[in-house]
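Chains, contacts and geometry: an overview
Now for the letters of each chain:
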Amino acid sequence: MRILVIEDEPQLARHITSALARHGHEVTTRQDGILGLQVALGLPHDLIVLDLNLPGIDGLAVLAKLREAKCPVRVVILTARSEVEHRVKGLKAGADDYLSKPFSMEELAARVEALGRRGAAPTADDLLEVFDLRMDVPHRRVSRSGQAIALSPREFDVLHVLMQEPNRIFSRTELCERVWQRDHEYNTRTVEIFIGRLRRKVDAGFPEPLIHTVRSVGYSIQAPTVSTPAGSDLTPPG
Ligand code: CA
């Protein structure tokens, strides 16, 4: 795996680098938050080992910037034992795992391997599929029957919520809360507008609509069932 280590204690950074290199990884090291972030955004890495107390900008800020940039890299944060609060903040900010200092290099290598297995291939979360509709989540790309569909960021977000749980019915209120979160300018009418736009982009021109309205309940995305339409030999993939 290609791993970036952002750690400002030189001795610890050296230990980590050589331990990971011994396990066959390609390791880059930076000792400053700003420089680390630049490298992380400039080159794709499979994993980042990120210290939280860093010069420049701290690890939490690095993590926030990475997630803001929709960078899909796995991140293990390093925290001091006393920093329980930081650890919680780190996990909430999008870290995948943490290690409390001091830790053994075997422990680090084991965590890295475990995360690497999760990150080796696109995971179920990264690649969503409903019938012939595909969503590449990290790259925010959507296609149907191999044809790219251009969506606005909000349209993508609405479709993302639906595609994460096919067949589940989402109420307008729930979709609002999931997509617009703390933005209070939404209302359920907005959801109807977005669903309308998605229908035109995703379903128009296809014999099988995927986006369904469940009267007075909400919306869901569903693959066409085998029996519909009658006589069809279409079967959902997988
Ligand atoms: Ca430090």
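Residues numbered from 1 in each chain as written. Predicted model: local features only at pLDDT ≥ 70, side-chain atom pairs only at ≥ 80, totals over all residues. Heavy atoms only, no water.

Attention shifts here to helix 8 (residues 188-203). When the terminal C-alpha atoms of helix 8 are compared, their 22 Å separation across 16 residues agrees well with the 22 Å that a helix rising 1.5 Å per residue should span. Along helix 8, the residues classified as buried are Thr-190, Val-191, Phe-194, Ile-195, Leu-198, Val-202 and Asp-203. Summarising the axial view, the buried residues of helix 8 lie within an arc of 150°, below the 170-degree limit, and thus occupy one face. Just downstream of helix 8, Gly-205 is the residue with a positive phi angle, here 90°. (Helix = DSSP H or I, 4+ residues; strand = E, 2+ residues; numbered from the N terminus. Expected span 1.5 Å × (residues − 1). Buried < 20%, exposed > 50% of the residue type's maximum accessible area, 1.4 Å probe, protein only. Arc of directions from axis to C-beta.)

It is worth spelling out the nonpolar core at this point. Leu-133, Leu-159 and Ile-221 are the most contacted members of the largest nonpolar core, which totals 29 residues. Elements supplying a minimum of two residues to this core: strand 6 (127-130), strand 7 (133-136), helix 6 (153-164), helix 7 (172-180), helix 8 and strand 11 (218-221). If you tally residues by element for this core, the top one is helix 6, at 6 residues. Every residue in contact with Ile-221, bar those within four places of it in the chain, is listed here: Val-130, Leu-133, Leu-159, Leu-162, Met-163, Pro-166, Asn-167, Leu-210 and Ile-211. Ile-6, Leu-52, Leu-66 and Val-75 belong to the second-largest nonpolar core, a separate cluster that totals 17 residues. (Core = buried A, V, L, I, M, F, W, Y, C linked by side-chain atoms within 4.5 Å. Contact = heavy atoms within 4.5 Å.)

This brings us to the packing of helix 7 against helix 8. It is at 9 Å that the axes of helix 7 and helix 8 come closest, and there the two elements cross at 85°. Looking at the two axes, helix 7 sits roughly perpendicular to helix 8. Contact residues: Arg-172, Thr-173, Leu-175, Cys-176 and Trp-180 in helix 7; Thr-188, Thr-190, Val-191, Glu-192, Phe-194 and Ile-195 in helix 8. Split by residue class, the contact of helix 7 with helix 8 holds 6 nonpolar, 3 polar and 2 charged. (Axes fitted to C-alpha atoms, helices over the stretch in contact; angles between N-to-C directions. Parallel < 35°, antiparallel > 145°, perpendicular 65-115°, else oblique. Nonpolar A, V, L, I, M, F, W, Y, C, P; charged D, E, K, R; others polar.)

What follows covers the pattern of salt bridges. Enumeration according to the criterion identifies 23 salt bridges in this entry. Its salt-bridge partner being Asp-96, residue Arg-67 comes within 3.4 Å of it at the nearest N-O pair. With Arg-67 in helix 3 (residues 59-68) and Asp-96 in the loop between helix 4 (84-92) and strand 5 (97-101), the pair connects residues that are 29 residues apart, well separated along the chain. The exposure class of Arg-67 is partly exposed, given its relative accessible area of 22%. Here Lys-89 makes a salt bridge to Glu-85, at a shortest N to O gap of 3.8 Å. Here Lys-89 and its partner Glu-85 are both found in helix 4, 4 residues apart, which amounts to about one turn of the helix. A relative accessible area of 56% means that Glu-85 is categorised as exposed. Through salt bridges with shared partners, one network takes in Glu-7, Glu-9, Asp-51 and Lys-101. (Salt bridge = Lys/Arg side-chain N within 4 Å of Asp/Glu carboxyl O.)

Moving on, we come to the sheet that holds strand 7. What the 4 strands build is an open sheet, ordered 6-7-8-9; its pairing is antiparallel. Taken across any chain shown, the strands that pair with only one partner, and hence form the sheet edges, are strand 6 and strand 9 (147-149). Shown here is a sheet whose adjacent strand axes are inclined to one another by a mean of 25°, direction ignored. With 4 bridges joining them, strand 7 and strand 8 (residues 141-144) adopt antiparallel strand pairing. Counterpart to Asp-136 in the pairing with strand 8 is Arg-141. Strand contacts of helix 6: strand 6, strand 7 and strand 8, with the helix running at about 110° to strand 7, the strand carrying the most contacts. (Pairing = 2+ DSSP bridges.)

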